[in-house]
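Coordinate inspection notes
Spelled out, the chains give:
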Amino acid sequence: MTEKEIKIPYIEAQYQELDEQDRQLVDKALEATARAYAPYSKFNVGAAILLDNGEIITGANQENAAFPSGTCAERTACYYAHATYPDARFCAIAVAAVGTDGKELEEPCAPCGACRQALLEYEKLAGRDVRVILVGRKVLYLLPSVKSLVPFAFVEF
Ligand code: THU
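Residues numbered from 1 in each chain as written. Predicted model: local features only at pLDDT ≥ 70, side-chain atom pairs only at ≥ 80, totals over all residues. Heavy atoms only, no water.

1. Side note on the side chain of Ser148
Summarising the element assignment, Ser148 is placed in the segment after β6 (140-143). Residue classification places Ser148 among the buried residues on the basis of a relative accessible area of 12%. A distance of 2.6 Å separates a polar side-chain atom of Ser148 from the backbone oxygen of Ser145. (Helix = DSSP H or I, 4+ residues; strand = E, 2+ residues; numbered from the N terminus. Buried < 20%, exposed > 50% of the residue type's maximum accessible area, 1.4 Å probe, protein only. Polar contact = N/O pair within 3.5 Å; in protein donor to acceptor, adjacent residues only side chain to side chain.)

2. Details of the packing of helix α2 (residues 73-84) against helix α3 (residues 113-126)
Relative to each other, α2 and α3 sit at 25°, their axes nearing to 9 Å. It follows that α2 is roughly parallel to α3 by the angle criterion. The interaxial crossing formed by α2 with α3 has left-handed handedness. The segment α2 lies against α3, with Glu74, Arg75, Cys78, Tyr79 and His82 engaging Ala114, Cys115, Ala118, Leu119, Tyr122 and Leu125. (Axes fitted to C-alpha atoms, helices over the stretch in contact; angles between N-to-C directions. Parallel < 35°, antiparallel > 145°, perpendicular 65-115°, else oblique. Left-handed = near helix turned anticlockwise from the far one by under 90°. Contact = heavy atoms within 4.5 Å.)

3. Concerning the site of the ligand
Lining the immediate surroundings of the ligand are Ser41, Phe43, Val45, Asn61, Glu63, Cys72, Ala73, Glu74, Ala110, Pro111 and Cys112. Residue Glu63 places a side-chain N or O atom 2.5 Å away from an oxygen atom belonging to the ligand. Compared with its free state, where it exposes 380 Å², the ligand has 75% of that area covered by protein. (Near = heavy atom within 4 Å. Areas by Shrake-Rupley, 256 points an atom, 1.4 Å probe, with all protein chains shown as cover.)

4. Describing the environment of Ala110
In this structure, Ala110 sits in the loop between β4 (90-98) and α3. Classification of Ala110 by relative accessible area gives partly exposed; the value is 39%. Residues contacting Ala110, with those up to four places away along its chain left out, are Arg116 and Leu134.

5. Considering the environment of Ala118
By secondary structure assignment, the location of Ala118 is in helix α3. With relative accessibility at 9%, the residue Ala118 sits in the buried group. Distance in space between the C-alpha atoms of Ala118 and Glu74 is 8.6 Å, their sequence separation being 44 residues. When near neighbours in sequence (up to four residues on either side) are disregarded, Ala118 contacts Arg75, Cys78 and Tyr79.

Spelled out as structure tokens, the structure:
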């Protein structure tokens, strides 16, 4: 038997420390929270994906009275991005959330497992790392790739 350990590299940063492109992506993710349809959870999530054609595609969570039919912000954004620009590759994604108190979350909001798995596939399609920016009011986390968020990911191909 061998004991092993997986480490996740990430950078803690302040908004002001980001370069202009990352700040723009964060701004777009925050703006997208306003387009959530979340009458049940009242938890508004926004995601913004930078594509290699320069486009930024945003998405927000869309809920439904039949609860499992709703979709998270990240999957709304990544499916829309690929459905709109199937030849473009993902470069980075920012995720932000506004809680039930109507305020941007203090701590960064991280994608759920299903969204991580979905994003991982677009990272594989891109053939290179897709940076992840998790946005909080107090602090932001910068991750080098989606796969760094998915240890022991399911990989079929
Ligand atoms: N949600 C997201 O949009 N992204 C995630 O990664 C996790 C959760 C949404 C789903 C639901 O509309 C609300 O947040 C509360 O769970």
